[in-house]
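Reading the structure
Chain by chain, the residues run as shown.
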Amino acid sequence: LLYDEAQTNDGVPSSSLKFSESDLQKFKDGSDPLAYANSDWINAVFSKPGLWMYHNLNLSGGTDDTKYNVSFGYLDQDGMMVNTGYKRYNFRTNFDQKISNNFNVGFNLSLSVRDVSDPPTNQGVGGETWELHEAVQQWANDPIQYPDGRWAYPTWSGLNHNPVAYTSTAAGHS
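Now for a description of the structure that goes with this document. All residue numbers refer to positions counted from 1 along the written sequence of the respective chain. Side-chain atom pairs in this predicted model are given and counted only at pLDDT of 80 or more, local residue features only at pLDDT of at least 70, and totals for whole chains, interfaces and linings cover all residues. In computing side-chain properties, one takes all heavy atoms of the structure into account and sets aside hydrogens as well as water.

**Quick word on the overall build of the protein**
- Helix numbers and strand numbers start at the N terminus; a helix is a DSSP run of H or I with at least 4 residues, a strand a run of E with at least 2. Scanning the protein for helices and strands turns up 5 helices and 4 strands.
- Helices and strands in the protein line up, N terminus first, as α-α-α-β-β-β-β-α-α.
- A simple rule labels every residue: compare its accessible area, found with a 1.4 Å probe on the protein chains alone, to the largest value its type can have, and call it buried under 20%, exposed over 50%, or partly exposed in between. Counting only residues that meet the buried cut, the protein has 26% of its 174 residues in that class.
- Should any heavy atoms of two residues lie within 4.5 Å, those residues are counted as being in contact. Across the protein, the fraction of contacts at a sequence separation of at least 24, relative to all contacts at a separation of at least 6, is 48%.
- Shrake-Rupley sampling with a 1.4 Å probe provides the accessible areas, and residues are treated as covered by the protein chains on show and by no other component. Roughly 11,500 Å² of accessible area belongs to the protein as shown, and the carbon and sulfur atoms make up 53% of that amount.

This is the structure in structure tokens:
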């Protein structure tokens, strides 16, 4: 509707408008959801706000001559886009032993393992940036997915990719 209005304001004759009255009616009443969809691409790519939790367990103690510290940590952070997030597990230990008034021996160990879930990248462009770029450019008239489960190919917008398919676990993203 706004596209036709903009064309009319630019002086395009009504016979040459992109959408006919019949097209506009199909968008309004949803009678042909495949050819005249009303898709919300932004909400399909983004999830609810990214929640996170962090747990840490720290044990320390010792005597005047011997001191120790052991800590375990876990971070789990959901991403703002569907199927994205970050997990980290960390372990740290310190051990100090006083040998004499002038000599101490110490041992420190730190380990960290992380798991980052990002959408796949396209031609060297970062996943989240590219997916957002694609989602914003999609037209609402393009269906996201067909009733048989196949991902729809954007036709109205003229773009080459379906960003929801790229972020989907069904597309192999985890």
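**Description of the nonpolar core**
- Nonpolar core, defined: a set of buried Ala, Val, Leu, Ile, Met, Phe, Trp, Tyr and Cys residues in which side-chain atoms within 4.5 Å join the residues together. Among the nonpolar cores identified, the biggest contains 6 residues, and these are Trp41, Val45, Met81, Ala135, Ile144 and Val164.
- Excluding its chain neighbours within four sequence positions, the residues that come into contact with Val45 are Met81, Val82, Ala135, Pro163 and Val164.

**Topic: the sheet that holds strand S1 (residues 52–62)**
- Here, strands pair whenever DSSP counts at least two bridges between them. Within the open sheet, the 4 strands sit side by side as S1-S2-S3-S4. Their pairing is antiparallel. Among the strands making up the open sheet, the edge pair consists of S1 and strand S4 (103–117). Averaged over all pairs of adjacent strands, the angle between their axes in this sheet comes to 5 degrees, without regard to strand direction.
- Alignment of S1 against strand S2 (residues 66–78), held across 11 bridges, turns out to be antiparallel. From the neighbouring strand, Gly62 faces S2, where its bridge partner is Lys67. Interaxial angles span 0 to 180 degrees and are taken between N-to-C directions of axes, which are lines fitted to C-alpha atoms, for helices over the stretch in contact.

**A short note on the pairing of strand S3 (residues 85–100)**
- Where S2 lies against S3, 13 bridges are found, and the strand directions are antiparallel. Following the sheet pairing, Val70 is matched in S3 by Thr93.
- The loop that links S2 with its antiparallel partner S3 comprises 6 residues; one of these, Asn83, has a positive phi angle of about 60 degrees.
- Taken together, the 15 bridges between S3 and S4 define a ladder with antiparallel strand orientation. Note on S4: the bridge partner recorded for Ser100 is Phe103.
- A loop of 2 residues connects S3 with S4, the two strands running antiparallel in sequence.

**Some remarks on the pattern of salt bridges**
- The rule for a salt bridge is simple: a side-chain nitrogen of Lys or Arg has to be within 4 Å of a carboxyl oxygen of Asp or Glu. The full count for this structure, using the stated rule, is 1 salt bridge.
- Residue Asp148 pairs with Arg150 through a salt bridge whose shortest N-O separation is 2.8 Å.

**Overview of the environment of Trp139**
- Its location among the elements puts Trp139 in the loop between helix H4 (127–137) and helix H5 (163–167).
- Relative accessible area serves as the criterion here: at 23%, Trp139 is assigned to the partly exposed category.
- With 15 residues separating them in the primary sequence, Trp139 and Pro154 have C-alpha atoms 8.1 Å apart.

**Focus: the packing of aromatic side chains**
- Pairs were defined over the aromatic rings of Phe, Tyr and Trp, the Trp ring being its six-membered one, requiring ring centres within 6.5 Å. Orientation was assigned from the angle between planes: stacked under 30 degrees, edge-to-face over 60, tilted for the rest. With the rule as written, the count across this model stands at 3 aromatic pairs.
- Judged by centre distance (5.0 Å) and plane angle (80 degrees), the rings of Phe27 and Tyr36 are edge-to-face.
- Note on Tyr36: relative accessible area 12%, which makes it buried.
- With 5.0 Å between their ring centres and 35 degrees between their planes, Tyr74 and Tyr89 make a pair best called tilted. You can see Tyr74 sitting in strand S2 and its partner Tyr89 sitting in strand S3, a full 15 residues away along the chain.

**Structural notes on the side chain of Glu134**
- Along the chain, Glu134 falls in helix H4.
- Ignoring any residue separated from it by four or fewer positions in sequence, one finds Glu134 in contact with Leu159, His161 and Pro163.

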